[in-house]
Amino acid sequence: MKSAKLIKRYRVDAPASFRLHAIDCNDHGDLDKDEAQSMLADDVARLADLQELLYAEDKWALLIVLQGMDAAGKDSVIAHVMSGVNPQGCEVHSFKRPSPEELDHNFLWRSARCLPARGRIGIFNRSYYEEVLVVRVHAHLLRAQKIPESLVGKSIWQERFEDICAFERHLARNGVRVLKFFLHLSKEEQRRRFLDRLDEPAKRWKFSMDDVNERKRWADYQAAYEEMIRATSTDIAPWYVVPADHKWFTRLVVASVVIETLEGLDLHFPKVGAGVLEEMREVRKALEAEAPRRKK
């Protein structure tokens, strides 16, 4: 399956009829691991070239949003897909429990502060979408946000969906392309990955009892994710629901989408004006004149 088919297969273009179970978590696009890794190596090299163009042109920015259940592979995607990107042109932000300062602001505030500048790639490892996921599943988190009671009604989640769509529309109108990936992990694969964290000393630091507690609310999260995707997948900021039971395949799909998006921006290195070219010619003459003379 070619990259273009991968992208089309997992992009949510008809959100009203979308169902999470329609995407098989175990799908690997009829590819084997070796073939996918070879394709990814080519994509990593291509992405490095495109990121240099993005940085040099300094007009567009790219925001990559990664969402998924615990152990879905968000860190792995960042480490492998972005392995060839110049660190100066890429920023990663992981959003954990909000601070007291963040709780004193609107729910988009802390994310807005971390948006990528023009010419750069920004990656949100979790994001403002947590405000319609974990906050929805755990009612006490909404109460902690100090919102006036008169503003917290039955329609609050729909209102937040509308706010998020408006926020992303604003970003698009200002040159920020938004790519959103839900890493669709099966409950059984999560169980296996949790066991790996317990068994392997190098992975134990990742283990948290909070992860196990959240697993007990699996059905609630799946319902919240499905409604979120249906409400916020738009033409300007679509969701990609990517099978995540095979990390090597997840990485390939994400890389393919990022590359297609950057290529669609028609990026170019800035052109140098005639005056600057003349200055360069003069500098060249001066530098060449400094060359040491060969002894006869």
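Because the structure is predicted, anything quoted here is derived from the model rather than measured. (Residues numbered from 1 in each chain as written. Predicted model: local features only at pLDDT ≥ 70, side-chain atom pairs only at ≥ 80, totals over all residues. Heavy atoms only, no water.)

Turning to the pattern of salt bridges, a few remarks are in order. For the structure on display, the rule yields 18 salt bridges. Notably, a salt bridge pairs Asp-13 with Arg-11, separated by 2.6 Å at the nearest N-O pair. Close ionic contact of Arg-281 with Glu-278 constitutes a salt bridge, the shortest N to O distance being 2.9 Å. Of this pair, Arg-281 and Glu-278 both sit in helix α13 (residues 274-289), three residues apart, which is roughly one turn of that helix. Take Arg-281: its relative accessible area is 45%, and that puts it in the partly exposed class. The class of Glu-278 is partly exposed, set by a relative accessible area of 36%. Linked by salt bridges that have partners in common, Glu-188, Glu-189, Arg-191, Arg-192 and Arg-193 make up one network. (Salt bridge = Lys/Arg side-chain N within 4 Å of Asp/Glu carboxyl O. Helix = DSSP H or I, 4+ residues; strand = E, 2+ residues; numbered from the N terminus. Buried < 20%, exposed > 50% of the residue type's maximum accessible area, 1.4 Å probe, protein only.)

Residue position: Ala-56 is located in helix α2 (residues 33-57). Owing to a relative accessible area of 29%, Ala-56 belongs among the partly exposed residues under this scheme. Along the backbone, Ala-56 and Glu-131 are 75 residues apart, and their C-alpha atoms lie at a distance of 35 Å. Setting aside chain neighbours within four positions, we find Ala-56 in contact with Phe-269 and Pro-270. (Contact = heavy atoms within 4.5 Å.)

To continue, consider the packing of helix α1 (residues 3-10) against helix α12 (residues 247-263). In the contact formed by α1 and α12, the axes pass within 9 Å of each other and the chain directions differ by 95 degrees. Taken together, the axis directions place α1 and α12 in an arrangement best described as roughly perpendicular. Where α1 abuts α12, its residues Ser-3, Leu-6, Ile-7 and Tyr-10 lie against Phe-249, Leu-252, Val-253, Ser-256, Val-257 and Glu-260. Taken together, the residues of the contact of α1 with α12 sort by class into seven nonpolar, two polar and one charged. (Axes fitted to C-alpha atoms, helices over the stretch in contact; angles between N-to-C directions. Parallel < 35°, antiparallel > 145°, perpendicular 65-115°, else oblique. Nonpolar A, V, L, I, M, F, W, Y, C, P; charged D, E, K, R; others polar.)

It is worth spelling out the side chain of Glu-131 at this point. Relative to the helices and strands, Glu-131 is located in the loop between β3 (121-125) and α6 (134-137). Given a relative accessible area of 7%, Glu-131 falls into the buried group.

A few words now on the layout of surface pockets. The method is simple in principle: a probe with the dimensions of a water molecule rolls over the atoms, and the space it marks as empty is what remains. In this structure, the largest pocket spans a volume of roughly 1,400 Å³. Residue lining of the largest pocket: 44 residues in total, with Asp-70, Lys-96, Arg-126, Asp-210 and Asp-211 positioned closest to the centre. Elements represented by at least two residues in the lining of the largest pocket include exactly α3 (74-81), α6, α7 (139-143), α9 (187-199), α10 (209-215) and α11 (218-232). Residues that form the lining of the largest pocket fall into these classes: 15 nonpolar, ten polar and 19 charged. Taken together, 17 residues make up the lining of the second largest pocket; nearest its centre are His-105, Asn-106, Phe-107, Gln-145 and Arg-160. (1 Å grid on protein atoms, 1.4 Å probe; cavity = no way out; pocket = protein on both sides within 12 Å on 5 of 7 lines; lining within 4 Å. Points joined across faces, edges and corners; volume = space filled by probe spheres on them.)

Another aspect to go through is α9. The end-to-end C-alpha separation of α9 is 19 Å, in line with the 18 Å expected for 13 residues at 1.5 Å each. Of all the residues in α9, the buried ones are Glu-189, Gln-190, Arg-193, Phe-194 and Arg-197. Buried residues in α9, looked at end-on, bunch into an arc of 140 degrees, giving them a common side. (Expected span 1.5 Å × (residues − 1). Arc of directions from axis to C-beta.)

Here we take up empty space enclosed by the protein. For the structure shown, the criterion picks out one cavity of 30 Å³ or more. The calculated volume of the largest cavity comes to roughly 30 Å³. In terms of lining residues, the largest cavity is bounded by Ile-64, Leu-66, Val-77, Ile-78, Val-81, Met-82, Ile-123 and Val-254. For the lining of the largest cavity, the secondary-structure elements that each account for two or more residues are β1 (61-68) and α3. A per-class count over the lining of the largest cavity returns eight nonpolar, no polar and no charged.

Moving on, we come to the packing of aromatic side chains. In the structure shown here, the tally under the stated rule is eight aromatic pairs. Ring geometry for Phe-95 versus Phe-124: centroids 4.9 Å apart, planes at 80 degrees, classification edge-to-face. Here the residue Phe-95 occupies a position in the loop between β2 (90-94) and α4 (100-103), and Phe-124 occupies one in strand β3, the gap between them amounting to 29 residues. Here Phe-95 and Phe-124 have matching classes, each one buried. Here the aromatic residues Tyr-128, Tyr-129, Phe-167 and Trp-239 are joined through ring pairs into a cluster of three or more. (Phe/Tyr/Trp six-rings, centres within 6.5 Å; stacked < 30°, edge-to-face > 60°.)

Here the focus is the sheet that holds β3. The sheet built from five strands is open, its strands ordered β2-β3-β1-β4-β5 with parallel pairing. Edge positions in the open sheet fall to β2 and β5 (239-243), since each of these has one partner strand only. Going from strand to strand, the sheet's axes swing by 20 degrees on average, the running direction of each strand aside. Relative to strand β4 (residues 176-184), β1 runs parallel, the two being bridged by eight bridges. Residue pairing across strands places Val-65 opposite Lys-180, the latter belonging to β4. Contacts between helix α8 (residues 156-173) and the sheet are confined to β1 and β4, with β4 contributing the most and set at about 135 degrees to the helix. (Pairing = 2+ DSSP bridges.)

Interpretation in functional terms is not warranted from these geometric data alone.
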